[in-house]
There are 2 protein chains.
Amino acid sequence: MTEIKLAEISTLPPGDLDKEPIEDATKKITKEIEDLQEIMQAQRKYSLLVVMQGMDASGKDSAVKKVFDEIGPAGIKVQAFKKPTEEEMSHDFLWRVHKHVPEKGMIQVFNRSHYEDVLIQRVHKWIDEKTVMKRFSHINNFERLLQDSNTVVIKFYLHISKDQQLIELNERISDPKKFYKHNENDFNERQHWDEYMSAYEDVFKNCGPEIPWHIIPSDRNWYKEYCMASAILEALRALPLEYPPKQG
Amino acid sequence: MTEIKLAEISTLPPGDLDKEPIEDATKKITKEIEDLQEIMQAQRKYSLLVVMQGMDASGKDSAVKKVFDEIGPAGIKVQAFKKPTEEEMSHDFLWRVHKHVPEKGMIQVFNRSHYEDVLIQRVHKWIDEKTVMKRFSHINNFERLLQDSNTVVIKFYLHISKDQQLIELNERISDPKKFYKHNENDFNERQHWDEYMSAYEDVFKNCGPEIPWHIIPSDRNWYKEYCMASAILEALRALPLEYPPKQG
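Here's a quick rundown of the structure. (Residues numbered from 1 in each chain as written. Chains lettered and ligands numbered in written order. Predicted model: local features only at pLDDT ≥ 70, side-chain atom pairs only at ≥ 80, totals over all residues. Heavy atoms only, no water.)

1. So, the overall build of chain A
1) Next: Within chain A one finds 10 helices and 5 strands.
2) Next: Taking 248 residues into account, the globule formula puts the C-alpha radius of gyration at 18 Å, and chain A, at 18 Å, falls close to it.
3) Next: C-alpha extents for chain A along the principal axes are approximately 65 × 45 × 40 Å.
4) Next: Residues classed as buried in chain A amount to 52% of the 248 residues present.
5) Next: Long-range pairs, those at least 24 residues apart, make up 82% of the contacts in chain A between residues at least 6 apart in sequence.
6) Next: Carbon and sulfur atoms make up 50% of the accessible area of chain A, which totals about 12500 Å².
7) Next: Each charge sign in chain A was given a centre, from 35 positive and 42 negative side chains, and these centres are 3 Å apart. (Helix = DSSP H or I, 4+ residues; strand = E, 2+ residues; numbered from the N terminus. Rg over C-alpha atoms; globule rule 2.2 N^0.38 Å. Buried < 20%, exposed > 50% of the residue type's maximum accessible area, 1.4 Å probe, protein only. Contact = heavy atoms within 4.5 Å. Areas by Shrake-Rupley, 256 points an atom, 1.4 Å probe, with all protein chains shown as cover. Lys, Arg positive; Asp, Glu negative; His and termini not counted. Charge placed at Lys NZ, Arg CZ, Asp CG, Glu CD.)

Structure, rendered in structure tokens:
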């Protein structure tokens, strides 16, 4: 197992790629995703859980919008996990996410996820290191449970640079259409950048090998969307999807 | 680890015990359970999950009624798990139970539980043996997750004899107050008695050592209730329960 060092992975597209052809390719891929999703939903045997993690302003919302653009709302659900409620805090950390795993035939997107419980909570030392290690193991067990129930789990880390994050956060202040996303606290969290990077690297190492993380260069939306869509298409293609046969 | 052989364990109270003094003792115990539950609820740090399994007519409902008699409804919830719904079947087998685990401060009773998925489903060969083994491991992981979140899990098997079951099932037909419980299918399930016993023994062996099963002799209600109440009291006493201190 090679350890992932985020600093060594580019947040930009390879230099020889042009935006337009890649956008065209993404469009074709999302259409094929739609086709396969329809079969998956008719078959009601498999399901897909898409876990999305990334720093503030890494573009999780916009990626969800673009990559799953073609899929009708009856085939996909998106759940954002924010600060836990009091009721959620009164249960084990997987309680609130387990509720929202996809039923057979469906795609479920987690915008942030159970991984927050080993990221923000660890960076701010709200939990001790022993708890972090236990949670890694609980997360692996949980994802294995889903896999054993024909749920494909695909995990994305949207990899942006610290400079790009600053550009995006400032745009939220200057662009009236983005201002609703502005949160002063994001600038505080930014101070912990290096600790987050190291917490993420630890996640990749401890909750990785069996269900690997896709590290998505995310400084450019068009390349981010292409990489995500490609990975999802590949995961769906690997399933023995087929329309159920005529009965009787 | 010594393997449990149900045929070697009596379903009756020890011969030297009398009903009345035991009933008095049970009453005292349930009052003490109530006292400790109140502290647990005020403290909001620990919770108790009571898993009840047993053959049809082993007296699960009546036991719940008697043992938790003193506890007010705000401190305890009972969830019966019957034939899974279509929605439940479209998820992993722990999905429907995880939803109902107790929040901090509460007692949650499972009348039947996730163990049905390695009992009835196995006896009727609805799942293969490889799946059974995987489920044992998922169950252990799940209960460990709860334990790590300060939930005490206590598991009861209500042990009745095949003869006593017949008496109880027939009483459901003859007693108008019990007729609503009559289900012709219980007599069919009874044909699989030996397979159920061996499936239970396998559960005790594979989902046992860390969180042991309490095998409760259950042919007599008064002794069954006494044994259950004693085990619950012991579990609560082992917790560092205390009222939260005055603030400021």
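More follows now that the structure is in view.
2. Overview of the interface of chain B and chain A
1) Next: Taken together, the contact pairs 24 residues of chain B with 24 residues of chain A.
2) Next: Interface area, chain B with chain A, both sides summed: about 2000 Å², of which 52% is carbon and sulfur.
3) Next: At the boundary of chain B and chain A, one finds 4 salt bridges.
4) Next: There are 22 residue pairs in polar contact (both at pLDDT 80 or more) connecting chain B and chain A.
5) Next: Its residues assigned to classes, the side of chain B that touches chain A shows 8 nonpolar, 6 polar and 10 charged. (Buried area = accessible area lost by both parts, 1.4 Å probe. Salt bridge = Lys/Arg side-chain N within 4 Å of Asp/Glu carboxyl O. Polar contact = N/O pair within 3.5 Å; in protein donor to acceptor, adjacent residues only side chain to side chain. Nonpolar A, V, L, I, M, F, W, Y, C, P; charged D, E, K, R; others polar.)

3. Remarks on a negative patch on the surface
1) Next: On the surface, D16(A), D18(A), E20(A), E23(A) and D24(A) cluster together into a patch of negative charge.
2) Next: Inspection of the secondary structure assignment puts E20(A) in helix α1 (residues 19–43). (Patch = residues over 30% accessible without salt bridge, like charges linked within 9 Å, V, L, I, M, F, W, Y side chains within 5 Å.)

4. Some details on the relation of the copies chain B and chain A
1) Next: Overlaying chain B with chain A gives an RMSD of 0.0 Å, the required rotation being 180° about an axis along which the chain moves by 0.0 Å. The operation mapping one copy onto its partner corresponds to a two-fold rotation axis.
2) Next: Here 100% of the contact residues of chain B are again contact residues in chain A; the copies associate through an equivalent surface. (Least-squares fit on C-alpha atoms with pLDDT ≥ 70 in both.)

5. Points about the side chain of K104(A)
1) Next: Along the chain, K104(A) falls in the loop between α4 (95–98) and β3 (107–111).
2) Next: At 2.9 Å, the side chain of K104(A) forms a polar contact with the backbone oxygen of S149(A).
3) Next: Excluding anything up to four places from it in sequence, K104(A) contacts R44(A), K45(A), Y46(A), S47(A), S149(A), N150(A), M89(B) and S90(B).

6. Description of the sheet that holds strand β4 (residues 151–159) of chain B
Residues and elements named next belong to chain B.
1) Next: Judged by pairing direction, the sheet is parallel, and its 5 strands sit side by side in the order β2-β3-β1-β4-β5 without closing on themselves. What marks the edges here is a single partner per strand, and that holds for β2 (76–80) and β5 (213–217). Looking at each pair of strands side by side, their axes are set apart by 20° on average, direction ignored.
2) Next: One ladder, built from 5 bridges, connects β4 with β5; its direction is parallel. For L158, the partnering residue across the bridge sits in β5 and is I216.
3) Next: Strands β1 (47–54), β2, β3 (107–111) and β4 of the sheet are contacted by helix α2 (residues 60–67), whose axis makes an angle of about 150° with β1. (Pairing = 2+ DSSP bridges. Axes fitted to C-alpha atoms, helices over the stretch in contact; angles between N-to-C directions.)

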